[in-house]
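Architecture and fold: a report
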Amino acid sequence: MPEKPALDAAAATSKGLEKTFDPAHFEERWYAVWEKDGHFQPGGPPGSPRFVMVIPPPNVTGRLHIGHAYGRTIEDILARWKRMSGYRVLWVPGTDHAGIATQMVVERQLREEGLARQDLGRETFIERVWAWRRESGDMILGQLRKLGCSLDWSRLRFTLDPELSRAVRHAFVLLYRDGLIYKGRYVVNWCPGCRTAVSDLEVVERKTKGTLYKIRYDVPGVAEGAVVATTRPETMLGDTALAIHPEDPRNAALRGKRALLPIVGRDLPVVEDAILVDREFGTGVVKVTPAHDVNDFAVGQRYGLPAVVVIGPDGKMTPEAGEYAGLDRFVARKKIVERLEAEGRLVAAEPYEINLGTCQRSEDVIEPYLSEQWFVRIEPLAEPAIRAVEDGTVRFAPESWAKTYFAWMRNLRDWCISRQLWWGHRIPAFTCANGHLTVADEDPAACDTCGSAALEQDPDVLDTWFSSQLWPFSVFGWPEKTPDLEDFYPTDVLVTGYDILFFWVARMIMAGLRFTGQAPFSTVHLHGLVRVGGEKMSKSRGNVIDPLEAIQEFGADAVRFTLASAAASGPTVSVERGRMAGSRNFATKLWNAARFTLGQLEGRPATRPPDGQALSLPDRWILSRLDTTAADVHRHLEGFRFDEAAGAVYGFLWHELCDGYLEMVKPVLSQEASAQAPAEAARSVLRHCLESSLALLHPFMPFVTEEIWEKLTGNPGTLIATPYPQGTGRWRDAEAETAVEALRAIVTRVRTFRTERGASPTEPVELTIDPQSPSRAGIPALETLAPLLSHLARLSDLRFAPAEAGAFQDVVAGLMLSLALPQASAAGGQARVGKALAAVADEIAQLSAKLQNPAYLEKAPPAVVEKTRLRLRELEEKRAALGRS
RNA sequence: GGGAGGUUAGCUCAGCGGUAGAGCGCCUGCUUUACACGCAGGUGGUCGGGGGUUCGAUCCCCUCACCUCCCACCA
């Protein structure tokens, strides 16, 4: 495409800024400058007010998705805001080794080479994962830079770093010594796809259409036998008992009998168990499979039943399954059902909705599986963690999450932390030839119990979340008493999605209290999950927003601003592409306001800050609005309302500063007037407002604001460290606000008047304002604004005089206006007047009814009643005015 | 089976006791020289249904309907 002609180029040289901007021109540059200048590291002396966050470490395998972008944008807004507000800010970056996820990535690669991890052996495989990590892991870190995240890269951590690994090991040792970690054979959630145990949280229940099979077992001495129901017939091969309820008369005949397990022929005792058996359900007879069901396992414990494992770790039937050995569990199910049917034992096969547990990672059907695992005893950890939230040591924002937290924490089961994987922190437990366990920080040379030197380390690794739970202090060097730990722990705010409240947040609180005696953070901001236009993002819907593509198309600032604006307190955050464009437009608006301002300031003596004297009403108005806006932004940020905060700056900058003030000062700044005092005042106000806007906006749009800041102040890369506008109230000015808001309302009314009459926007209008208007407070101020009013509303005549008989009349902002189009012949607008009149009459009727209601007058607050009276009076004026028109 | 959240303008969402707001969209005008990624004006809402509390309810309570999510060992 040929270059745009000289017009733009000329504009560029004369104003210093191009007409539209290209974020790619400066984003990378400013990030490098900030980093080089050390702004991402906490300055100031230890002990002075600081603000600390740790990033929720993304998986090393990860690429930045819109959810990360959202959470990290929020964190960066907080970091930049606090930094500009004078805090020593530290935001710690890092990544998570993500056991299963990462191992799966590398295993997939191996599979493409026709290999399995076992072919390489443990050492080689792990080396291979590290190699992968070196070349394509950590991609997400560069992507966080693109987003503008002001993370302290000098403190970058990885959960498998030597220091963090030591912390993990030490935490394990401490819990083990305190009896809070134990090893045992229990039924756990087993994923045959991942070939490892997983925790309860990693099992995703999915409603699925299944079948409930009813199977008859023979019971010698009981003619009709016993009918049991199951959705997993293949597990029957592992049955070691039947259970009935002790008080169920229906099955009284089965008491003390023995049943015969079909196919296998095993002799099964009939036990009576009131806990397992629900008398209401089905036949009241339950098959007991201790090796493949949590409840049945408990029954087995109670009655000393054997446990027979019939489904192996690979999801195939074990040799215990006899002729079915080696078959996939689902194939076996089918064959067993066929056989039962052939034998006439299948009483029924009914459609049944089941909650199918599936693996969060691989989506395989989870199998309850009896195996030896390591567990954390949760109750002693949960109790203080519950208290910490109850007593406000840890606060949730929004608060409503506390309820969910409590509900979960009060019903916790022990946490299975061992994983049959290779990638992760290896369990520091060693078994000697005599079967004794030694658990230690350093690899032991001999068994603690018998001194045997023949030690073998437990092959399992720890659940990834076991290391993540230590993150807020392991990143600072715990268990060493490092200066960083001293200085920056506990942290202040933790920002993350509510989806990992249990996985991570709750466990961090437990671990923090246990290991450091302090809660790891004082506030948890749980945000919603990002949806696109209310819909879940998915490739099949084709609505996936890739933040990196969005950054490329709209700029990082626009992406950030959009995400911040979308931040809602609810469980979903809705983002649309249209909003990205809107944010980009907003950045351009700012850019152009800056161009205009620079044009005004160029070649003139440096402006001084506005000083209260010689300020016009518009000057005072915009300063007042700025003051209020700054206070609002501050308040909203305190309350984690990023949408409101962003909206406040947006509204101020676009609609008040640009649409309002800029237009008002143009005549003041024009050629003839530009040397005069009011123009000088306006220029200083303009500069002040723009600079403040840049500062206010910087946490949301760091790049474009820094770029403009350089042009405006000549101080490159310093906006990031400029004090954040506080909104002290110093410039609050009710008089100026009333007058200018009235002015703006009148201007709008005049323009609408033209539209109503079908007149062109340039058609001169004569306006008369009645000094005896119902609300006269603004009249003197308004009189000083007369030239401005004439200019903005394009009036051919403006008078402060009683309403003109015969002219069109209306009441705006409490002021009685008479309007006329001296040159117009068109007479439109009558329909509109009629409509307006009807609406006014309607409201008058309602308000007068209200004011005639004694109960209202008596019970409503006087201020409200007064407001109603005022409104009624105004409406009556308006009705009169419109009626005369 | 429990629990939480939602239902407000065509779309996406704010508001949560004094009769409704934004962005986008839509309509109508504009080379008003910072900006068409713009300016100006406008259109558009029985605030899911029903009941109650209140002087007054989109906002509080009850109930129904429909969505979404979380938790739970019902064979």
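The structure displayed is predicted, hence computed values, not measured ones.

Turning to the packing of helix 21 (residues 642-669) against helix 22 (residues 677-697), a few remarks are in order. Where helix 21 contacts helix 22, the two axes come as close as 11 Å, and the packing angle between them is 165°. By the angle between their axes, helix 21 is roughly antiparallel relative to helix 22. In this structure, the crossing between helix 21 and helix 22 has a hand that is left-handed. Contacts between helix 21 and helix 22 involve V649, F652, L653, L657, Y661, L662, V665, V668 and L669 on the former and, on the latter, P678, A679, A682, R683, V685, L686, C689, S693, L696 and L697.

Side chains that carry opposite charge are capable of pairing whenever their charged atoms lie near each other. For the structure shown, the criterion picks out 58 salt bridges. D267 is the salt-bridge partner of R258, the closest N and O atoms lying 2.6 Å from each other. Owing to a relative accessible area of 43%, R258 belongs among the partly exposed residues under this scheme. The residue E843 makes a salt bridge to R871 at a minimum N-O spacing of 3.0 Å. In this pair, E843 is assigned in helix 27 (residues 830-852) and R871 in helix 29 (residues 862-884), connecting sequence segments 28 residues apart. Looking at R871, the relative accessible area reads 37%, which means it is partly exposed.

Next up on the list: the pairing of strand 5 (residues 181-191). Counting buried residues in strand 5 gives eight out of 11 residues, a clear majority hidden from the surface. Bridge analysis of strand 5 against strand 14 (residues 367-376) gives 10 bridges, and the strand direction is antiparallel. Its bridge partner lying in strand 14, W190 is registered against E367. With three bridges joining them, strand 5 and strand 6 (residues 196-198) adopt antiparallel strand pairing.

In terms of nonpolar packing, the biggest core is built from 211 residues, with F466 and F700 touching the most fellow members. In terms of nonpolar packing, the next biggest core, distinct from the first, is built from 28 residues, L237, L261, V285 and A332 among them.

Our focus in this paragraph is empty space enclosed by the protein. In this approach the atoms are scanned with a rolling probe the size of a water molecule, which exposes any empty space left behind. Summed over all chains, the structure comprises two cavities of 30 Å³ or more. Taken together, L175, V376, I378, L381, W415, Q469, R507, M510, A511, R514 and F515 form the lining of the largest cavity. Per-element tally for the lining of the largest cavity: the top contributor is helix 16 (residues 501-516), with five residues. Each residue belonging to the lining of the largest cavity can be placed in one class, and the counts come to eight nonpolar, one polar and two charged. In this model, the second largest cavity occupies a volume close to 40 Å³. Around the second largest cavity, the lining residues are F21, P23, E27, F554, G555, A556, D557, A558, R584 and A587. When residues of the lining of the second largest cavity are traced back to their parent elements, those giving at least two are helix 18 (556-566) and helix 19 (577-601). Among the elements that make up the lining of the second largest cavity, the one with the highest residue count is helix 18 (three residues). When its residues are assigned to classes, the lining of the second largest cavity shows six nonpolar, one polar and three charged.

Let us look at the sheet that holds strand 27 (residues 795-800). The strand order across the open sheet built from four strands is 27-26-29-28, with neighbouring strands paired in mixed fashion. Where the open sheet ends on each side, the last strands, each with one partner, are strand 27 and strand 28 (808-812). In this sheet, neighbouring strand axes are inclined to one another by 25° on average, regardless of whether the strands run parallel or antiparallel. Sheet topology note: the strand 26 (residues 765-770)/strand 27 ladder contains five bridges and is parallel. Opposite T768, over in strand 27, you have R799 as the bridge partner. Across the face of the sheet, helix 24 (residues 734-757) comes into contact with strand 26, strand 27, strand 28 and strand 29 (815-820) while running at roughly 145° to strand 28. Strand contacts of helix 26 (residues 786-793): strand 26 and strand 27, with the helix running at about 145° to strand 27, the strand carrying the most contacts.

Near RNA strand B there are 54 residues, and of these F281, N295, T588, Q846 and K859 occur at the shortest range. Per the 4 Å cut-off to the protein, sugar and phosphate atoms form 56% of the nearby atoms of RNA strand B. Contact between RNA strand B and N355: a base nitrogen at 3.2 Å from a side-chain N or O atom of the residue. Looking at the surface near RNA strand B, the elements with two or more residues in it are strand 13 (346-359), helix 19, helix 21, helix 24, helix 27 and helix 28 (854-859). Ranked by residues supplied to the surface near RNA strand B, first place goes to helix 21 with nine residues. Of the residues belonging to the surface near RNA strand B, the class tally is 21 nonpolar, 16 polar and 17 charged.

A word on the sheet that holds strand 14. Read from one edge to the other, the open sheet built from four strands follows the order 6-5-14-16, with strand pairing classed as antiparallel. The two strands at the open ends of the sheet, each matched to only one other strand, are strand 6 and strand 16 (415-416).

This structure, assessed with the given rule, holds 36 aromatic pairs. Ring geometry for Y182 versus F375: centroids 5.4 Å apart, planes at 20°, classification stacked. Residue Y182 is found in strand 5, and its partner F375 is found in strand 14; the two are separated by 193 residues along the sequence. Taken individually, Y182 and F375 each receive the classification buried, so the pair is uniform in this respect. Through successive ring pairs, a cluster of aromatic residues spans F172, Y176, W374, W415 and F466. In this arrangement the basic side chain of R117 is found over the ring face of W422, its NZ or CZ atom lying 4.7 Å from the centre. The ring of W415 is capped by R507, whose NZ or CZ atom sits 3.9 Å from the centre of that ring.

Turning to the packing of helix 3 (residues 66-84) against helix 18, a few remarks are in order. It is at 9 Å that the axes of helix 3 and helix 18 come closest, and there the two elements cross at 90°. Relative to helix 18, helix 3 is oriented roughly perpendicular. Along the contact surface, helix 3 presents I66, A69, Y70, T73, D76, I77 and R80, while helix 18 presents R560, L563 and A564. A class-by-class count of the residues in the contact of helix 3 with helix 18 yields six nonpolar, one polar and three charged.

Cut-offs used in this document
- Residues numbered from 1 in each chain as written.
- Chains lettered and ligands numbered in written order.
- Predicted model: local features only at pLDDT ≥ 70, side-chain atom pairs only at ≥ 80, totals over all residues.
- Heavy atoms only, no water.
- Axes fitted to C-alpha atoms, helices over the stretch in contact; angles between N-to-C directions.
- Helix = DSSP H or I, 4+ residues; strand = E, 2+ residues; numbered from the N terminus.
- Parallel < 35°, antiparallel > 145°, perpendicular 65-115°, else oblique.
- Left-handed = near helix turned anticlockwise from the far one by under 90°.
- Contact = heavy atoms within 4.5 Å.
- Salt bridge = Lys/Arg side-chain N within 4 Å of Asp/Glu carboxyl O.
- Buried < 20%, exposed > 50% of the residue type's maximum accessible area, 1.4 Å probe, protein only.
- Pairing = 2+ DSSP bridges.
- Core = buried A, V, L, I, M, F, W, Y, C linked by side-chain atoms within 4.5 Å.
- 1 Å grid on protein atoms, 1.4 Å probe; cavity = no way out; pocket = protein on both sides within 12 Å on 5 of 7 lines; lining within 4 Å.
- Points joined across faces, edges and corners; volume = space filled by probe spheres on them.
- Nonpolar A, V, L, I, M, F, W, Y, C, P; charged D, E, K, R; others polar.
- Near = heavy atom within 4 Å.
- Polar contact = N/O pair within 3.5 Å; in protein donor to acceptor, adjacent residues only side chain to side chain.
- Phe/Tyr/Trp six-rings, centres within 6.5 Å; stacked < 30°, edge-to-face > 60°.
- Lys NZ or Arg CZ within 6 Å of the ring centre and 35° of its normal.

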